Amino acid sequence: MNSLLQRLETVEKRYDELTQILMDPSIANDIKKMTEASKEQASLEKAYRLYQEYRNLLEGIKEAEELMKEDDPEIKEMAKLEYEELTKKQPLMERDIQLELIPKDPNDDKNVIMEIRGAAGGDEGNIFAGDLFRMYSKYAESQGWKIDIEEAQDSEAGGYSLISFMVKGDGVYSKLKYESGSHRVQRVPKTESQGRVQTSTATVLVMPEAEEVDIQIDPKDLRIDTYRSSGAGGQHINKTDSAVRITHIPTGIVATSQDGRSQHDNRDKAMQSLRARIYKHFLDEQEEKLGNERKNKVGSGDRSEKIRTYNYPQNRVTDHRIGLSIQQLDKIMDGKLDDIITALINEDQRLKLLGEENDN
């Protein structure tokens, strides 16, 4: 309780400091400083407002306690009702405050680069990769986000052996960061004449977009190759060497783009993708060093980790990390992912709260 109040007082103090900084006329000449201060204040806004409400609540409880000592039975009864109502609100408000004070993931507001690959199951794995891309496209549309394809390697049977794309919008990473891992499908493939259910997989990788300020790349560390775009069955074929492959020599990380309008466009997209891949590489290394970080969140985000099964005969989707099963596979494949993503966010917050309580 005391530690909660101390943290809220720290938030209030910093919020007031930022108000003073933003009111200083000289800041208008320093756009960078003004942007940083505005951004930081906006991130503290909710906790600051909750603290004002919480302080009023505590004062109300104290006043009700005093009035309950009065001789007048009518005043005592009213004070008792007020006290009961406010003390019911107190734990709910404390929970909201604790959730708001969980350290924010600095990448939550970022756009993401996603990569989906057909994995086990041959053609069926590639077809499923296409189904997942459609599912995320529909979900992005429902959120008002925009999708920009960077590279698509079509599969002759349908779907993709690989598709890489950027998702742009508000808070994209905060919702899609739980999607990294191996997605498993159980269904009768179109190619199966005996009607037997087959298990196939596709892997999903989600990377926060990295700005140049997030990661410095020395141009001397890059090898840039151009080649002719190609696709199965003659699709996406381009007669010029407009596709671009960029290799970061120190890490061996490679990014490619071939779906842009020109070589220049593909080069920009490949560089964007490369920055995100290198950024994720360093984030993973950092987490590995911290060790405990993975225990306090949902899933490790490893491509090999089996996170979800899509069972078509039973119209069921199961997320293995939180033991959630939903009998609405048809709706989920149509992009209605809110129930799953909300459950994952709630579990992630619960684990982080537990981690914080264990650290205190």
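Predicted model only: the values in this text are computed from it and were never measured. (Residues numbered from 1 in each chain as written. Predicted model: local features only at pLDDT ≥ 70, side-chain atom pairs only at ≥ 80, totals over all residues. Heavy atoms only, no water.)

**Brief notes about the layout of surface pockets**
The following threshold applies: Only protein atoms enter the calculation, which uses a 1 Å grid: trapped sets of points that fit a 1.4 Å probe without letting it out are cavities, open sets showing protein on both sides within 12 Å along at least five of seven lines are pockets, and any residue with an atom within 4 Å of a point is a lining residue. Grid points are joined across faces, edges and corners, and a volume is the space filled by probe spheres set on the points. Comment: elements are numbered from the N terminus, with helices defined as DSSP H or I runs of at least four residues and strands as E runs of at least two. Put simply, Ala, Val, Leu, Ile, Met, Phe, Trp, Tyr, Cys and Pro go in the nonpolar bin, Asp, Glu, Lys and Arg in the charged bin, and everything else, Gly too, in the polar bin. Bear in mind that the domain bounds are from an automatic or database domain assignment.
Volume-wise, the largest pocket comes out at about 1400 Å³. Around the largest pocket sit 37 residues that line it, and Ser43, Lys104, Asp105, Asp108 and Asp109 are the ones nearest its centre. Sorting the residues of the lining of the largest pocket by element identifies α1 (2-23), α2 (31-67), α3 (73-101) and α8 (338-359) as the ones contributing at least two each. The element that contributes the greatest number of residues to the lining of the largest pocket is α2, accounting for 11 residues. Residue composition of the lining of the largest pocket, by class: 14 nonpolar, 5 polar and 18 charged. Structurally, the lining of the largest pocket is a two-domain feature, drawing no fewer than three residues from each of domain 1 (1-101) and domain 2 (112-212 + 302-359).

**What to know about a negative patch on the surface**
Condition: Patches here: salt-bridge-free residues with over 30% relative accessible area, like charges joined within 9 Å, nonpolar side chains (Val, Leu, Ile, Met, Phe, Trp, Tyr) joined within 5 Å. Per-residue accessibility takes into account occlusion by the displayed protein chains alone, with areas from the Shrake-Rupley method and a 1.4 Å probe. The rule for a salt bridge is simple: a side-chain nitrogen of Lys or Arg has to be within 4 Å of a carboxyl oxygen of Asp or Glu. Neither His nor the chain ends contribute to the count of charged residues, in which Lys and Arg are positive and Asp and Glu negative. By convention, charge coordinates are those of NZ in Lys, CZ in Arg, CG in Asp, or CD in Glu. Burial classes: relative accessible area under 20% of the type maximum marks a residue as buried, over 50% as exposed, and values in between as partly exposed (1.4 Å probe, protein chains only).
Judged by side-chain charge, Glu59, Glu63, Glu82 and Glu85 come together as a negatively charged surface patch. If you list the elements that add at least two residues to the negative patch, you get α2 and α3. By the element assignment, Glu63 lies in helix α2. When its relative accessible area of 52% is taken as the criterion, Glu63 is described as exposed.

**Side note on the sheet that holds strand β3 (residues 160-168)**
Each strand in a sheet pairs with its neighbour through backbone hydrogen bonds, running either in the same direction (parallel) or in the opposite one (antiparallel). What counts is decided by this rule: In this description, strands pair whenever DSSP reports at least two bridges between them. Whenever a helix is involved, its axis is fitted only over the stretch in contact; in every case the axis is a line through C-alpha atoms, and angles between N-to-C directions fall within 0 to 180 degrees. Residue contacts are defined here by distance: any two heavy atoms, one from each residue, within 4.5 Å place the two residues in contact.
The strand order β2-β3-β1-β5-β4-β9-β10-β11 describes an open sheet built from 8 strands, whose pairing is mixed. Two strands close off the open sheet at either side, each with one partner strand: β2 (146-154) and β11 (324-326). Averaged over all pairs of adjacent strands, the angle between strand axes in this sheet comes to 15 degrees, irrespective of strand direction. Here strand β4 (residues 181-187) pairs with strand β9 (residues 306-311) via 5 bridges, running parallel. Note that in β9 the partner of Arg184 across the bridge is Thr309. Contacts from helix α4 (residues 123-143) reach β1 (112-118), β2, β3, β4, β5 (198-208) and β9 within the one sheet, and its direction differs from that of β5 by about 45 degrees.

**Points about the packing of α2 against α3**
This is how the line gets drawn: Oblique is the label for any angle not covered by the other classes, which are roughly parallel (under 35 degrees), roughly antiparallel (over 145) and roughly perpendicular (65 to 115). Handedness of a crossing follows from how the near helix is turned relative to the far one, being left-handed for an anticlockwise turn of less than a right angle and right-handed for a clockwise one.
Contact geometry for α2 and α3: axes closest at 8 Å, N-to-C directions at 155 degrees. One finds that α2 runs roughly antiparallel with respect to α3. The handedness of the crossing between α2 and α3 is left-handed. Here the residues of the contact of α2 with α3 are counted per class, giving 15 nonpolar, 4 polar and 9 charged.

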